[in-house]
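Secondary and tertiary structure notes
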Amino acid sequence: MTAMSEPVALPGAGRGGALAGVVIVELAETFAGEMAGGLLADLGATVIKIEPAAGSPMRRRGPGLDGEDSLAFQSENRGKYSVRAELADLSAEPWLARLLATADALVEDLGPGRLEAAGLGPEALEGRNPRLVTLRISPFGQTGPLAGVRGDDRIAQAFSGVQFVTGFPDRAPLAVTVPLAESWTAVHRASGLLM
């Protein structure tokens, strides 16, 4: 494969919108990450989704029709291009660094340290591509005492107090049944990337 100097024009990439011509690489496996990428695709960005070899876990999350990906996956990944790769070892995919060297933005939610372990941390990426904007999503941030702790929507609802205000005084806390925290994370993080 030859070194890439400019993004390759993809079929349908010129569909218009505020982000027309913007290339975003998505390394996301959570609802929040995939929704953030989906919002940017809705605004016209060319979003190239990099999935693990077995496909995104979102393909199996929630209801769907027999033989098809889940409705959540279809909803949050419409308008994106998808490439399957070996994400267990990001450094085993040298083309990924070349793609990131030409992209405008990266949406990532693989967990603290994953990019750095592959030599793809924000500082290294910005050294190769100063205009690259990196959006990182993780339950408890990239550093700090809870950085490596698993988190999901219900945990975020519990930590934020949402379950307290939606519950009843004489019963256990009650979670909102829609992915409220992940949805708001996606909206705010995509907005932050645009800023």
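Check the entry above for the structure.
Residues numbered from 1 in each chain as written. Predicted model: local features only at pLDDT ≥ 70, side-chain atom pairs only at ≥ 80, totals over all residues. Heavy atoms only, no water.

Let us now look at the layout of surface pockets. Roughly 700 Å³ of internal volume is contained in the largest pocket. Taken together, 31 residues line the largest pocket, and the ones lying closest to its centre are Thr30, Ser138, Pro139, Gly151 and Asp152. Breaking the lining of the largest pocket down by element, the ones donating at least two residues are α1 (31-42), α6 (153-160) and α8 (180-194). Broken down by element, the lining of the largest pocket gets its largest block of residues, six residues, from α6. Taken together, the residues of the lining of the largest pocket sort by class into 15 nonpolar, eight polar and eight charged. (1 Å grid on protein atoms, 1.4 Å probe; cavity = no way out; pocket = protein on both sides within 12 Å on 5 of 7 lines; lining within 4 Å. Points joined across faces, edges and corners; volume = space filled by probe spheres on them. Helix = DSSP H or I, 4+ residues; strand = E, 2+ residues; numbered from the N terminus. Nonpolar A, V, L, I, M, F, W, Y, C, P; charged D, E, K, R; others polar.)

On to the packing of aromatic side chains, then. Each pair of aromatic rings is reported with the distance of its centres and the angle of its planes. This model, assessed by the stated rule, comprises one aromatic pair. Against the face of Phe168 rests Arg171, its NZ or CZ located 4.3 Å from the ring centre. (Phe/Tyr/Trp six-rings, centres within 6.5 Å; stacked < 30°, edge-to-face > 60°. Lys NZ or Arg CZ within 6 Å of the ring centre and 35° of its normal.)

A turn of α-helix holds 3.6 residues, and therefore any two residues three or four places apart point the same way. When the terminal C-alpha atoms of α1 are compared, their 16 Å separation across 12 residues agrees well with the 16 Å that a helix rising 1.5 Å per residue should span. With 10 of its 12 residues buried, α1 lies for the most part within the structure. Listed in full, the buried residues belonging to α1 are Phe31, Ala32, Gly33, Glu34, Met35, Ala36, Gly37, Gly38, Leu40 and Ala41. Close packing links the buried residues of α1 with β1 (23-27), β2 (46-52), α2 (71-76), β4 (105-108), β5 (133-136) and α8. Phi turns positive, to about 105°, at Gly44, one or two residues after α1. (Expected span 1.5 Å × (residues − 1). Buried < 20%, exposed > 50% of the residue type's maximum accessible area, 1.4 Å probe, protein only. Contact = heavy atoms within 4.5 Å.)

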